[in-house]
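Single-letter residue listing:
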Amino acid sequence: MFHRDYIFANAVSAAQNSHLAHHVIAAFEAKGAHFQCVRDTDVFGTDDRFRHFQYDGVTRVAKAGAAHKALMEFHNAREAAARFDGLHLGGWQLCVCVPEVVPLADGRLALTSPDLGPTLHQAGNDVVTPDLAQLMVKLITTLRKTGVEWKGFAPRNLILDSARKKLHLIDLEDTFFHDEPCATVRRCIRLKWRLNWLQRFPSGGPLDRCIASIPIPATTSPNDIDDFERCFVRLADDCYDLDRLLGLSDDATIVAESPLAHRPDGEMTPMDVGHFLDEHLPQPVSVFMTFAMARLRRENADDFVRLNADLSARIKSFGPDFGRTEQRALLLRILDGLTRDHRRKFSKCHAEYAALSSATGWQAAMDRSASIDRLLIRLAAAIGFAFPFLPQADLLLRGSAGQAVMSRQSDVDFEFSSVDHPEGHPGREALLCDMLDLLGVPAEGSQARPTERDLTGPTGHSRDANEWSQLRIPGAGGSRPPWLLKALPDATSWWECLSLYEGLAPPAEKQTASYLFKAARSTLARAAARYGGTDARAQEQLAQVPGSLASRLRYLLDRALYLREGGQNAACSGDHLARDITQLCNEISLPDPFGPPPAIDADD
């Protein structure tokens, strides 16, 4: 580490003592489009990292990044240059591009070097010759002999200077160095190499055969997988052993990112589209998209081609201010692309939900819940489409979403659970939370479940009482899955007792609009259960109690919803809602959510 920091300090010092640093800083401070570096189909520049500028009569490129990443890339370039810079391969001289480092005012570091010309990726098919394939085979041999695992060994990081017979290597950010020659190469790196070069040379050709023949370790350590694979393993919740999961990941990536047989000029390759999504979307969503695109390609190649063309056009239309709006557009497009039924287009369902964002009142709360149901049903189906090999799990709603009366402030409380995973599937839930977040829908999975447990079944499964009353499968009426009913067979009497949460909540909390809304809903659920009702939805619960009682409950709910959506404190508004709820509970012998805490047995 001392050696690396010493090199870094010298590099920064050298740049600061020259006029070059001032030109780099000026390029990043300028907002003119002529400074922006957008490399054709690579679509660099949407995150404002790259600049083109002139210095001392030479066109240069600068890339800004987090300090630790820039430092690592600089160090790796120095190390690679020390190992094989200047070597000759069949008449071509290897030249490792070692950038200069310049600190920027925002804390980032900029790496700058001369623009060495078009990369092999940009050069297109003009340079794709048998001689180039043989040169790449020799480069692989050199990398392995010198103990270098360069994950970025790809056409986009190699530049041929035919006039000077030089082969330039750029961007060595993701590189591993070994003291001995590489007998094996990490599984994820071999996969990346193969995918990278399938964009230029055919499957089964000399270069592809060379890469495929490189040995990989007999077993893969969790430390040797990349971020994409690590995210997929988490998403799968360890349902299979690591090697099988990595095999599924490899297969999906190859299918989703292999080149098209015919592609119009200017259209991004599936691999370019995949790389863009991986860099600009949350990692779980990127993993989902890769697996979804792979299955779509296997089952309907024409739809895959159309979707790739559409995503390419949309990505190329984005400017440097890429943000949440553009992320949402990409997610909606791929979700729409998974169905051919225009009546069930996901973007239409999302528009219906968005139109309710400012609506208030009882009807709006039910409409919002119905809209969320439609969104979640389609999202769960899309996740199932992308990952058909994952164990079955039920999507369940809780809270106001479960009771189907969502205020403007309500989150979507949900879980993916099953008889084998009653506490939830955190991986799938994280994916769904990220997707909903991109769509502007606040949501929480099993990590937000109540910690209080009032009900316990024979197998040890336990739930908060009010949570139990709200649980339902979206789109399936107010029903709960059979495994959950078996896990808590005595839960039908949940309404007879005050929950631990209600009993122990501080008095100040019980005067908040949020608690009043919960209390009104729990009183309705208890009243419905007292009369034999089992439906979790508020509107159905009102239908399960006598008419006069239903009217009083609806009145309480309307007042609670008004306070919740207005964000008002009951004490400040002069509302006596808590007193009225208590009076109703006393009249029909229900536990009072504003009453004293439940008694605790001496043995507890």
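Model, not experiment: these values are computed from the prediction.

Engineer: For this particular structure, what's the right way to read the packing of helix 23 (residues 547-566) against helix 25 (residues 577-587)?
Structural biologist: When two helices pack together, their arrangement is given by the angle between the helix axes and by the axis-to-axis distance. Where helix 23 meets helix 25, the closest approach of the two axes is 11 Å, and the angle between their N-to-C directions is 155 degrees. Considered as vectors, helix 23 and helix 25 are oriented roughly antiparallel to each other. In the packing of helix 23 onto helix 25, the handedness of the crossing is left-handed. Residue-level inspection shows Leu549, Arg552, Leu553, Leu556, Arg559, Ala560 and Leu563 of helix 23 in contact with helix 25, the latter providing Leu577, Asp580, Ile581, Leu584 and Glu587. Here the contact of helix 23 with helix 25 is composed, by residue class, of eight nonpolar, no polar and four charged.

Engineer: How do you make sense of the nonpolar core when you look at a structure like this?
Structural biologist: Considering soluble globular proteins, one finds that nonpolar side chains tend to be buried as a cluster. Counting residues in hydrophobic clusters, the biggest one holds 69 residues, and the most contacted among them are Phe288, Phe291, Leu331, Phe387, Leu432 and Met435. Of the residues forming this core, the biggest block, nine residues, is contributed by helix 11 (residues 283-299). In this view, Leu432 contacts Leu376, Leu379, Ile383, Leu395, Phe414 and Phe416; residues no more than four positions away in its chain are not counted. Formed by 46 residues, the second largest nonpolar core is a distinct cluster that contains Ala465, Leu484, Leu516 and Leu542.

Engineer: Is there a simple way to think about empty space enclosed by the protein in this case?
Structural biologist: A probe matching the size of a water molecule, rolled over the atoms, marks out where space remains unfilled. Overall, the coordinates contain four cavities of 30 Å³ or more when judged by the stated rule. Of the pockets and cavities examined, the largest cavity occupies roughly 110 Å³. Lys192, Phe228, Thr253, Glu257 and Thr290 are the residues nearest the centre of the largest cavity, which is lined by 14 residues in total. Contributing elements (two or more residues each) for the lining of the largest cavity: helix 6 (187-198), helix 8 (227-235), helix 9 (242-257), helix 10 (270-280) and helix 11. Its residues assigned to classes, the lining of the largest cavity shows three nonpolar, six polar and five charged.

Engineer: Help me out: how do you make sense of the confidence of the model for the protein in this one?
Structural biologist: Low-confidence regions, as indicated by low pLDDT, have predicted coordinates that should not be scrutinised in detail. Here the protein shows a mean pLDDT of 89. Residues at 70 or above account for 91%. Note on residues 1-9: pLDDT is under 50 here. Beyond four places in sequence and across chains, it has ten contacts. Confidence drops under a pLDDT of 50 for residues 33-45, and excluding neighbours within four residues, the segment shows 43 contacts in the predicted structure.

Engineer: Honestly, the pairing of strand 8 (residues 158-161) in this entry has me stumped. Any pointers?
Structural biologist: Looking along a regular strand, one sees side chains alternate from face to face of the sheet. Inspection of the sheet shows strand 8 paired to strand 9 (residues 166-169) by four bridges, in the antiparallel sense. Looking at the pairing, Leu160 lines up with Leu167 of strand 9. Counted between consecutive antiparallel strands, the loop separating strand 8 from strand 9 contains four residues, among which Lys165 sits at a positive phi close to 55 degrees.

Engineer: Is there a simple way to think about the layout of surface pockets in this case?
Structural biologist: The volume enclosed by the second largest pocket comes to roughly 600 Å³. Looking at the second largest pocket, it is lined by 26 residues, and the ones nearest its centre are Gly399, Asp413, Gln470, Lys518 and Arg521. No other element matches helix 21 (residues 513-530), which puts seven residues into the lining of the second largest pocket. Broken down by class, the residue content of the lining of the second largest pocket amounts to six nonpolar, nine polar and eleven charged.

Parameters and conventions
- Residues numbered from 1 in each chain as written.
- Predicted model: local features only at pLDDT ≥ 70, side-chain atom pairs only at ≥ 80, totals over all residues.
- Heavy atoms only, no water.
- Axes fitted to C-alpha atoms, helices over the stretch in contact; angles between N-to-C directions.
- Helix = DSSP H or I, 4+ residues; strand = E, 2+ residues; numbered from the N terminus.
- Parallel < 35°, antiparallel > 145°, perpendicular 65-115°, else oblique.
- Left-handed = near helix turned anticlockwise from the far one by under 90°.
- Contact = heavy atoms within 4.5 Å.
- Nonpolar A, V, L, I, M, F, W, Y, C, P; charged D, E, K, R; others polar.
- Core = buried A, V, L, I, M, F, W, Y, C linked by side-chain atoms within 4.5 Å.
- Buried < 20%, exposed > 50% of the residue type's maximum accessible area, 1.4 Å probe, protein only.
- 1 Å grid on protein atoms, 1.4 Å probe; cavity = no way out; pocket = protein on both sides within 12 Å on 5 of 7 lines; lining within 4 Å.
- Points joined across faces, edges and corners; volume = space filled by probe spheres on them.
- pLDDT = per-residue confidence, 0-100.
- Pairing = 2+ DSSP bridges.

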